[in-house]
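# Tertiary structure, described
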Amino acid sequence: MFALFRKAYRDLTQRRVRSLLTLGAIAIGVAGIVAIVSTAQNLTRAQAAAYQNTSQADITFWVWNAPPKTERALLDISNVAAAELRNNYFTKCKWNGEYRDVYVWGIQDFSDQQINQIRLLDNLPKPGEFVAETSVRELFPVRVGDTISCRARDGSSQTLTLAGFATSPNYPSATILNWATVYANASDVQKLLGISGANQALLKVQDLAKLNDTAREAARLFNRRSVEHAAPTLRDPNNYLGKRELDALFLLLTVFSIVGLVTSGFLVANTLAAMTTEQIGEIGVVKAIGGTRWQVLTIYIIAAILYGIIGTLIGIAFGALASWRLLLYIGSLLNLDVAFSISSEGVALGAGVGIGVTIIGGLIPSLAGTGIRVKDALEAYGITSTYGQGRVDRLMQRWVALPPLAAMSLRNLARRKTRSLITTLVIAVAVAASLAAQSTSTSVDAAIDGLFQTYRADAWASFDQWVGTNFAGNLRAADGVQAVEVWSIGDAWVSDPIPHIAPVRARLWGVPATTTMYIPQLVEGRWYRADETDGVVISTDLQQELKLRAGDFINVEIGKAQRNFKIVGVVIDNSIFLGSTVAGKVFVPEDLVEKMQQREGWATFFAFSFDAHDPASVEKRLGEMQAKFRQYQMGTDSAYREVAGAKEQSRILSLALYAMSLIIGAIGALGVLNTLTLNVLERRREIGVLRSIGAANENLVQVFLTEGLALGLGGWVIGILIGYPMGQLLINLMQSILFHINYIFSAQMILASLLFALVLSIAASLIPALGAARLRVSQVLRYE
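Right, let's get into the overall build of the protein chain. Assigned secondary structure in the protein chain consists of 24 helices and 21 strands. When burial is assessed residue by residue, the protein chain has 54% of its 784 residues classed as buried. Counting contacts in the protein chain only where the partners sit at least 6 residues apart, residues at least 24 apart contribute 82% of the total. Counting every atom, the protein chain has about 33,400 Å² of accessible surface; 58% of that belongs to carbon and sulfur.

Here's what the structure looks like:
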């Protein structure tokens with residue numbers, strides 16, 4: 001057995017270039033698996049640690065002007081472990097000469113934070129000062145001492161000075177949110193809001209099983225104290241910030257890693273097939289002196305195992321490095337301090353799959369190569385004597401219209417049909433991965449762009465106090481306003497009343513039946529009518545969660561009110577993004593929402609349409625409206641900002657897609673390089689003959705470049721056939737996690753994949769082509 005092992009090891013070391021290429025392909029696939037599993041486990045631990053260390057709020061209430069004594073009263077509620085009042089305000093601030101979106105948080109005592117803690121990196125901010133979340137520096141240039149002028153709710157401005165920086169895992173990076181998060185003293189934020197109390201209440205509970213009861217008791221306390229409040233937001237411990245997006249990311253990486261490993265298995269099969277072909281004579285000699293087929297087969301199985309073990313070890317090392325870098329990147333996006341440790345499960349899975357795929361990939365050519373008879377092996381020249389008799393061979397010989405060298409290159413590929421086919425398939429997989437990445441990324445971006453087709457509102461305004469629904473007329477009279485509608489937005493519990501199942505949290509939108517600012521993209525049924533009293537429309541993701549269809553009934557719970565509605569339609573609505581804990585959307589006529597909340601004729605939320613829709617014009621109009629209605633303390637948000645934020649959040653998915661397609665492309669390039677290197681080694685005598693009859697360097701380069709291009713074009717054609725269903729598969733997988741996505745597969749993508757295949761083939765062909773051109777006549781004619 002030791003002699004067989006030594007023979008297999010010597011075969012590998014004698015063919016260093018080929019072995020390195022094969023090991024690289026195996027390592028890439030194993031590295032992907034190790035990186036994915038390790039990253040997922042480390043992020044899960046980091047999220048759990050963040051929850052414990054920062055004591056994230058279990059219950060969050062929007063309140064209005066809650067006095068400080070409210071905090072003590074909340075602490076007296078059974079099951080409340082901690083309570084804290086805070087202030088928050090989203091506004092425009094002039095920072096370094098430019099107006100920027102800023103979310104200002106007010107904290108009563110920076111030295112005694114109990115819930116949603118932040119970690120100060122510098123000194124405590126004094127009155128009139130603030131600290132910025134550290135990732136703001138990646139959004140735009142900032143430094144300590146900067147002064148910002150923030151627009152208050154009454155239209156005035158307030159100046160604050162940057163005293164330092166802080167970190168917080170409660171909010172993603174500023175590059176994801178596309179706004180700056182800053183922390184100031186509560187008194188300064190209260191001045192911006194124009195109140196003397198808090199507008200947010202945070203609760204931490206002792207028993208999560210009693211979360212709903214505790215929230216209801218807190219709501220009753222606010223009612224007794226005449227503190228205005230909204231429905232609470234309850235934390236789901238199994239749904240942390242960005243979980244959906246990370247699940248989608250890991251799913252994509254897993255798919256591409258599997259593709260990479262399967263492709264590397266093809267390369268192992270190609271390499272061992274070449275090895276057995278080269279050693280046909282040796283196989284004949286071993287059998288002639290009494291060696292059994294099993295002994296000969298063992299040599300090549302040992303070679304496959306060696307490839308698997310060495311490639312797996314390299315892959316584990318690179319996988320650990322890739323996981324570490326990926327953790328740093330994702331951790332910076334989510335503001336998490338992630339401690340890296342390599343996953344034992346990831347290592348075991350990577351090793352098992354890496355070695356297993358390699359053995360399976362090497363078994364087929366080893367069985368075929370060692371099954372040859374002794375007489376055939378000893379008489380074999382290296383090229384089958386049946387060349388030219390098959391249909392493919394005869395077809396290749398008919399390429400008379402091509403230049404002689406190009407025709408010879410195509411005929412050469414038919415001499416090693418299995419090798420050429422495997423290489424073509426490897427390129428096809430690389431092209432398919434490129435197409436799938438393009439189509440998936442384009443489809444996701446198009447789904448987000450579809451928001452502009454669904455939401456015709458340019459902006460929304462919210463008020464921290466009730467105003468009459470007839471206030472829409474005042475808003476409509478403002479300069480540049482074309483239309484105004486009364487809307488509602490909040491959370492509701494939705495369930496299937498028969499049979500009764502656990503309700504799911506959904507985003508409730510109160511939209512007029514005759515709206516012109518919401519254009520539903522219906523996939524089932526219709527939009528509700530103005531004369532209906534029980535019709536609602538749900539989003540496709542909520543439909544998937546509840547497994548209901550148009551015509552079914554659902555129960556909607558808003559606060560204390562519950563009511564059964566009939567689903568009259570299902571719409572595609574993709575405007576729920578990073579960190580969402582709701583299952584989807586339910587659209588209810590605005591007047592019915594007002595009745596359920598017992599506020600007929602009153603509103604706090606309005607949708608606008610302006611005469612100009614570009615971001616600069618929208619912001620200009622919003623600023624004018626805030627100044628005009630400053631006594632009503634109006635907050636605003638814009639549609640373009642929502643879409644920009646959503647695209648930024650999907651950027652990591654696009655980056656992962658293109659990164660993995662490049663990795664698969666690298667494996668495809670290794671396949672071409674491997675095949676053409678073998679062709680050069682096998683045809684040294686032919687190269688010498690061509691040299692002796694006057695072939696120049698460029699002629700030899702042309703021969704092997706043409707072979708590479710032929711392999712690339714063949715792989716491109718097959719890759720198109722594989723790429724379409726592969727992209728559809730990725731879209732379906734992402735839809736199951738994220739939101740509805742229409743699949744886009746365009747002619748431009750096919751042309752881009754052609755360029756990808758040609759560049760890949762030419763780049764991989766250059767090294768063996770130039771190597772063939774450097775061979776000397778005397779050297780190659782003596783080659784055995």
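Judged by side-chain polarity, I309, I310, L313, I314, F318, L321, W324, L328, F340 and I342 come together as a nonpolar surface patch covering roughly 870 Å² of accessible area. Looking at the element boundaries, F318 is found in helix α9 (residues 293-334). With relative accessibility at 52%, the residue F318 sits in the exposed group.

So, on to unusual backbone geometry. Even without being glycine, S226 reaches a positive phi, approximately 60°. Inspection of the secondary structure puts S226 in the loop between α6 (211-224) and β10 (228-229). With a relative accessible area of 68%, S226 lands in the exposed category. A positive phi angle is found at Q598, which is not glycine, with a value near 55°. Here Q598 shows up in the loop between α18 (590-596) and β20 (602-610). Classification of Q598 by relative accessible area gives exposed; the value is 71%.

It is worth spelling out the environment of N564 at this point. As for its placement among the helices and strands, N564 is situated in strand β18 (residues 561-571). Distance in space between the C-alpha atoms of N564 and V536 is 9.8 Å, their sequence separation being 28 residues. Excluding residues within four positions of it along the chain, N564 makes contact with P497, I554 and N555. Engagement of the side chain of N564 in a polar contact is seen with the side chain of N555, the distance being 3.0 Å.

On to the state of the cysteines. Evaluated as defined, the whole model comprises 1 disulfide. In this model C93 forms its disulfide with C150; the gap between the sulfur atoms is 2.1 Å. Taking the sign of the S-S torsion, about 105° here, the bridge from C93 to C150 comes out right-handed. Separated by 57 residues along the polypeptide, C93 in strand β2 (residues 80-95) and C150 in strand β6 (residues 147-151) bring together distant segments of the chain. The exposure class assigned to C150 is buried, which follows from its relative accessible area of 0%.

As a further point, take helix α19 (residues 615-628). Residues spaced three or four apart along an α-helix face the same direction, because each turn holds 3.6 residues. Compared with the 20 Å implied by 1.5 Å per residue over 14 residues, the 20 Å span of α19 between its first and last C-alpha is a close match. Among the residues making up α19, those that are buried are V618, E619, R621, L622, G623, M625 and Q626.

Turning next to the packing of aromatic side chains. Applying the stated criterion across every chain yields a total of 22 aromatic pairs. Ring centres 5.1 Å apart and planes at 15° place the aromatic pair Y103 and W105 in the stacked group. Residue classification places W105 among the buried positions, given a relative accessible area of 6%. Considering the side-chain rings of Y743 and F745, the 6.2 Å spacing of their centres and the 45° angle between planes classify their relative orientation as tilted. What makes F745 partly exposed here is its relative accessible area of 22%. A connected cluster of aromatic rings, assembled from ring pairs, spans Y455, W460, W487, W509, Y518, W527, Y528 and F587. Over the ring of F140 we find R100, and its NZ or CZ is 3.9 Å from the ring centre.

What counts as what
Residues numbered from 1 in each chain as written. Predicted model: local features only at pLDDT ≥ 70, side-chain atom pairs only at ≥ 80, totals over all residues. Heavy atoms only, no water. Helix = DSSP H or I, 4+ residues; strand = E, 2+ residues; numbered from the N terminus. Buried < 20%, exposed > 50% of the residue type's maximum accessible area, 1.4 Å probe, protein only. Contact = heavy atoms within 4.5 Å. Areas by Shrake-Rupley, 256 points an atom, 1.4 Å probe, with all protein chains shown as cover. Patch = residues over 30% accessible without salt bridge, like charges linked within 9 Å, V, L, I, M, F, W, Y side chains within 5 Å. Salt bridge = Lys/Arg side-chain N within 4 Å of Asp/Glu carboxyl O. Polar contact = N/O pair within 3.5 Å; in protein donor to acceptor, adjacent residues only side chain to side chain. Disulfide = S-S within 2.5 Å. Expected span 1.5 Å × (residues − 1). Phe/Tyr/Trp six-rings, centres within 6.5 Å; stacked < 30°, edge-to-face > 60°. Lys NZ or Arg CZ within 6 Å of the ring centre and 35° of its normal.

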